[in-house]
Amino acid sequence: TLIGLITICFFIDWKDTTFKATILLPFAICTAFSAIVGITAWVSEMLFCTNIMSSQQQYQTVFGTPLLPWFFNRGVHLCWHCSSALLAWLGIQTLIAAKGTLVGWGEAKLCWWGAPYVSFYKPKI
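Residues numbered from 1 in each chain as written. Predicted model: local features only at pLDDT ≥ 70, side-chain atom pairs only at ≥ 80, totals over all residues. Heavy atoms only, no water.

Looking at this model, I keep getting lost on the overall build of the protein chain. Mind explaining?
Counting its secondary structure elements, the protein chain contains 3 helices and 2 strands. Pairs at least 24 apart in sequence give 52% of the contacts found in the protein chain among residues at least 6 apart. Split by element, the accessible area of the protein chain, about 8,300 Å² in all, is 71% carbon and sulfur. (Helix = DSSP H or I, 4+ residues; strand = E, 2+ residues; numbered from the N terminus. Contact = heavy atoms within 4.5 Å. Areas by Shrake-Rupley, 256 points an atom, 1.4 Å probe, with all protein chains shown as cover.)

Printed below as a string of structure tokens:
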């Protein structure tokens, strides 16, 4: 998704630079941030989760505190699920914005109602 957004933002010759600045660039930044958070959380869970869960019963390692397994189960796991869902949402919204602009649904604008989404309006001339 990130590679697609970078391609759309910088390599396709858009005539409307406002569209790039108001829609694609914020989505690209949010997508990059979500990808970094999601990949970091997923990798940390894959690398450390078995050690933390096994040490919870033994209390022989650094990870032996009961708080850390709770954090991994309810914090890190939730973090990578939410960030990957947001990543998919942003990819779909970017495709909708690009398609709507090319087809002529109107001008795209970035809205926020719990999550960023694209809306279209016809400017009055």
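So what exactly am I meant to see when it comes to the environment of I36 here?
Along the polypeptide, I36 turns up in helix α2 (residues 17-58). The exposure class assigned to I36 is exposed, which follows from its relative accessible area of 55%. When the C-alpha positions of I36 and S84 are compared, they lie 9.9 Å apart, and in sequence the two are 48 residues distant. (Buried < 20%, exposed > 50% of the residue type's maximum accessible area, 1.4 Å probe, protein only.)

What should I look at first to understand the packing of aromatic side chains in this one?
Within a pair of aromatic rings, the relevant descriptors are the distance that separates the centres and the angle that separates the planes. A full pass over the atoms with the stated rule returns 1 aromatic pair. Seen from their ring centres, W105 and F120 are 5.4 Å apart, and the 85 degrees between their planes marks the pair as edge-to-face. With W105 in the loop between α3 (67-103) and β1 (107-112) and F120 in strand β2 (residues 116-121), the pair connects residues that are 15 residues apart, well separated along the chain. The exposure class of W105 is partly exposed, given its relative accessible area of 44%. (Phe/Tyr/Trp six-rings, centres within 6.5 Å; stacked < 30°, edge-to-face > 60°.)

Help me out: how do you make sense of the environment of W42 in this one?
Here W42 lies in helix α2. Residue classification places W42 among the partly exposed residues on the basis of a relative accessible area of 38%.

Whenever I open this one, a nonpolar patch on the surface confuses me. Can you help?
A contiguous nonpolar surface patch, about 580 Å² in accessible area, is contributed by I39, W42, V43, M46, L47 and F48. Mapped onto the secondary structure, M46 falls in helix α2. Since its relative accessible area comes to 46%, M46 is described here as partly exposed. (Patch = residues over 30% accessible without salt bridge, like charges linked within 9 Å, V, L, I, M, F, W, Y side chains within 5 Å. Salt bridge = Lys/Arg side-chain N within 4 Å of Asp/Glu carboxyl O.)

Is there a simple way to explain the environment of H81 in this structure?
Tracing the sequence through the fold places H81 in helix α3. Sequence separation of H81 and G38 is 43 residues, and the distance between their C-alpha atoms is 7.3 Å. There is a polar contact of 3.0 Å between the side chain of H81 and the side chain of H77. (Polar contact = N/O pair within 3.5 Å; in protein donor to acceptor, adjacent residues only side chain to side chain.)

What should I look at first to understand the nonpolar core in this one?
Across soluble globular proteins, you tend to see nonpolar side chains buried next to one another. In this structure, F19, I23, L24, F27, L90, A97, A108 and V118 together form the largest nonpolar core, which totals 8 residues. Only α2 and α3 provide two or more residues apiece to this core. With 4 residues, the top contributor of residues to this core is α2. Apart from the residues within four sequence positions on either side, I23 is in contact with T18, A97, A108, K109, L110 and V118. (Core = buried A, V, L, I, M, F, W, Y, C linked by side-chain atoms within 4.5 Å.)

Before we go on, may I ask you to explain the side chain of E45 in this structure?
With respect to the secondary-structure elements, E45 resides in helix α2. Relative accessible area serves as the criterion here: at 9%, E45 is assigned to the buried category. In terms of polar contacts, E45 uses its side chain to reach the side chain of W80, at 2.4 Å. Here E45 is in contact with F72, V76, H77 and W80, once residues within four sequence places are set aside.

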